[in-house]
Number of protein chains: 2
Amino acid sequence: MSAPPVRVVLADDERMVRTALRVILDAEPGLEVVGEAATGAQAVSVVRELRPDVVLMDVRMPEIDGIRATEQILSGMETPPRIVVVTTFENDSYVYEALRVGAAGFLLKRAAAEDLVQAVRLVARSDCLLFPSAVRALAAEHARRQPAPPPPWAARLTEREAEVLRLMATGLTNAEIADRLRVGSATAKSHVAAVLAKTDVRDRTQAVIAAYESGFITPR
Amino acid sequence: MSAPPVRVVLADDERMVRTALRVILDAEPGLEVVGEAATGAQAVSVVRELRPDVVLMDVRMPEIDGIRATEQILSGMETPPRIVVVTTFENDSYVYEALRVGAAGFLLKRAAAEDLVQAVRLVARSDCLLFPSAVRALAAEHARRQPAPPPPWAARLTEREAEVLRLMATGLTNAEIADRLRVGSATAKSHVAAVLAKTDVRDRTQAVIAAYESGFITPR
DNA sequence: AGGGCTCTCCCCCGGACGGGGGAGACGGTT
DNA sequence: AACCGTCTCCCCCGTCCGGGGGAGAGCCCT
């Protein structure tokens, strides 16, 4: 293991936190804390100057928060470091923000020292993302959308009716649906009527709305 | 470090993969491969019997795939193991599926041996999630929704027209919109006409669809 | 003072839509 | 054999919708 040490910069507005992190990381062979920053603005300039491999970035900081600092660092450098965002609460919307701007990882402040060390090592070596239980929230968030609560009426629709509803949701008229299905317009009409009855709505527009709202169809 | 070893079960339909994983993991102090399974069904029963700490679960397996096996294990045991889902491609929709059913982590087969070991250690110790670059996709997916691409025609709508479109998207008729806005039905009608023209659609249903698809309004 | 935009409201008209019936054909279940 | 569900198609009828005109009041900007 004669690999060059992983160079780390700490960005946190509280001196005690920086010190604690430095003690933990410097005690590890192969890890080296090369710089610190107490504000987002400082973080940006320090990182530009020192070009570390990894940055531990606090979210809440004066002047510029960790998210925007991350954004600026990643967009302004040709070989940006891997940035691990650190926060106290896992249900922060910061999680999503951090991922959106391109952070490589996410870490809770209450993480164990070993987790911290392994997080830095992993992030430094690959583009792997290391996560605390915060990702549970992300996963839950995603799950909340994907398997949308099964539409109660969807099960009652026949194959044909479901097909008609999908066509309705593309903005087709009864005649166009009939053409598409190669059936008479009267048939399309009665299928539409069945859909309206089973979804318990008044007109095709409300049916389409119900389809979107229930997750029967999804945007894009 | 006199902690009891982390007990691992491997589930993969290819013997060579299982062997490779076993070699890597058994070489690590503190890790112990206690069982293997070649199908999803086997995985479920083996895990129930051996009660390991961690399961490395392949996605593609005969009989029952890794996702459903994960689901069954997690729902059927009082203290289920942490399950790390393993796959070959990072852009699989399996990533989302795995998270949805409650997998603790996600790993690529081409991950380095050290990453694998650390993944197992991390997952065994905490409820942390360890991720490959696959999470990039998840993050991107999430980001793709949040700042929805601004509708091109939304800017051209007047305040009143936008209001009318939102009401249209709740399934109201022209008369109901008029009542809601405290204006004559002719007025609501002409606003609707303006919306249809500016959104370049034929009828109110297509307008509502455009509103959903463009992100002008969002489900739920 | 004039012009442009928005909001308001009116007319007529044709077509699409939705409600109410009914009915034949097919397949599966009892 | 009788029944039910599904898909297919037909009739009539009233309403809502969208297209085409036009027009007056208020506003802001030049």
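Residues numbered from 1 in each chain as written. Chains lettered and ligands numbered in written order. Predicted model: local features only at pLDDT ≥ 70, side-chain atom pairs only at ≥ 80, totals over all residues. Heavy atoms only, no water.

A. View of the environment of Asp13(A). Residue and element names in this part refer to chain A. By secondary structure assignment, the location of Asp-13 is in the loop between β1 (6–11) and α1 (15–26). The class of Asp-13 is partly exposed, set by a relative accessible area of 34%. The spatial distance from the C-alpha of Asp-13 to the C-alpha of Met-61 is 5.7 Å, given a sequence separation of 48 residues. Apart from residues lying up to four places away in sequence, Asp-13 is in contact with Arg-18, Ala-38, Asp-58, Arg-60, Met-61 and Pro-62. (Helix = DSSP H or I, 4+ residues; strand = E, 2+ residues; numbered from the N terminus. Buried < 20%, exposed > 50% of the residue type's maximum accessible area, 1.4 Å probe, protein only. Contact = heavy atoms within 4.5 Å.)

B. Quick peek at the protein's contact with DNA strand D. Among the 17 residues in the neighbourhood of DNA strand D, the closest are listed as Thr158(A), Gly184(A), Thr187(A), Lys189(B) and Arg204(B). Of all DNA strand D atoms lying within 4 Å of any protein atom, the proportion belonging to sugar or phosphate reaches 70%. In the model, a phosphate oxygen of DNA strand D is placed 2.5 Å from a nitrogen or oxygen of the Thr158(A) side chain. Here a phosphate oxygen of DNA strand D sits 2.8 Å away from a polar atom, N or O, in the side chain of Arg160(A). With 4 residues, the single largest contributor to the surface near DNA strand D is helix α9 (residues 185–199) of chain A. (Near = heavy atom within 4 Å. Polar contact = N/O pair within 3.5 Å; in protein donor to acceptor, adjacent residues only side chain to side chain.)

C. Quick look at the environment of Val54(B). All names here are of chain B. Structurally, Val-54 is set in strand β3 (residues 54–58). According to the relative accessible area criterion, Val-54 is buried, its value standing at 0%. Those residues in contact with Val-54 that sit more than four places away from it in its chain are Val-6, Arg-7, Val-8, Val-9, Pro-81, Arg-82, Val-84, Val-120, Val-123 and Ala-124.

D. Representation of the packing of helix α8 (residues 174–181) of chain A against α9(A). All names here are of chain A. Put simply, α8 and α9 touch, their axes get as near as 8 Å, and they point 110° apart. One finds that α8 runs roughly perpendicular with respect to α9. Seen along the crossing, α8 lies across α9 with a hand that is right-handed. Every residue of α9 that contacts α8 at Asn-174, Ile-177 and Ala-178 is listed here: Ser-185, Ala-188, Lys-189 and Val-192. Residue composition of the contact of α8 with α9, grouped by class: 4 nonpolar, 2 polar and 1 charged. (Axes fitted to C-alpha atoms, helices over the stretch in contact; angles between N-to-C directions. Parallel < 35°, antiparallel > 145°, perpendicular 65-115°, else oblique. Left-handed = near helix turned anticlockwise from the far one by under 90°. Nonpolar A, V, L, I, M, F, W, Y, C, P; charged D, E, K, R; others polar.)

E. Here's a closer look at the sheet that holds strand β3 (residues 54–58) of chain A. All names here are of chain A. Pairing within the open sheet is parallel, and its 5 strands lie in the order β2-β1-β3-β4-β5. Edge positions in the sheet fall to β2 (31–37) and β5 (105–108), since each of these pairs with one other strand and no more. Adjacent strand axes in the sheet meet at a mean angle of 25° when their direction is disregarded. (Pairing = 2+ DSSP bridges.)

F. Region of interest: the pattern of salt bridges. All names here are of chain A. Within the structure shown, the criterion is met by 18 salt bridges over all chains. As a salt-bridge pair, Arg-51 and Glu-78 come within 3.0 Å of each other at their nearest N and O atoms. Within this pair, whereas Arg-51 is found in the loop between α2 (40–50) and β3, its partner Glu-78 is found in the loop between α3 (66–76) and β4 (82–87), the two being separated by 27 residues in sequence. Residue Arg-51 is classed as partly exposed on the basis of its relative accessible area, which comes to 42%. In the salt-bridge network here, residues are joined through shared partners; they are Arg-18, Arg-22, Asp-26 and Glu-36. (Salt bridge = Lys/Arg side-chain N within 4 Å of Asp/Glu carboxyl O.)

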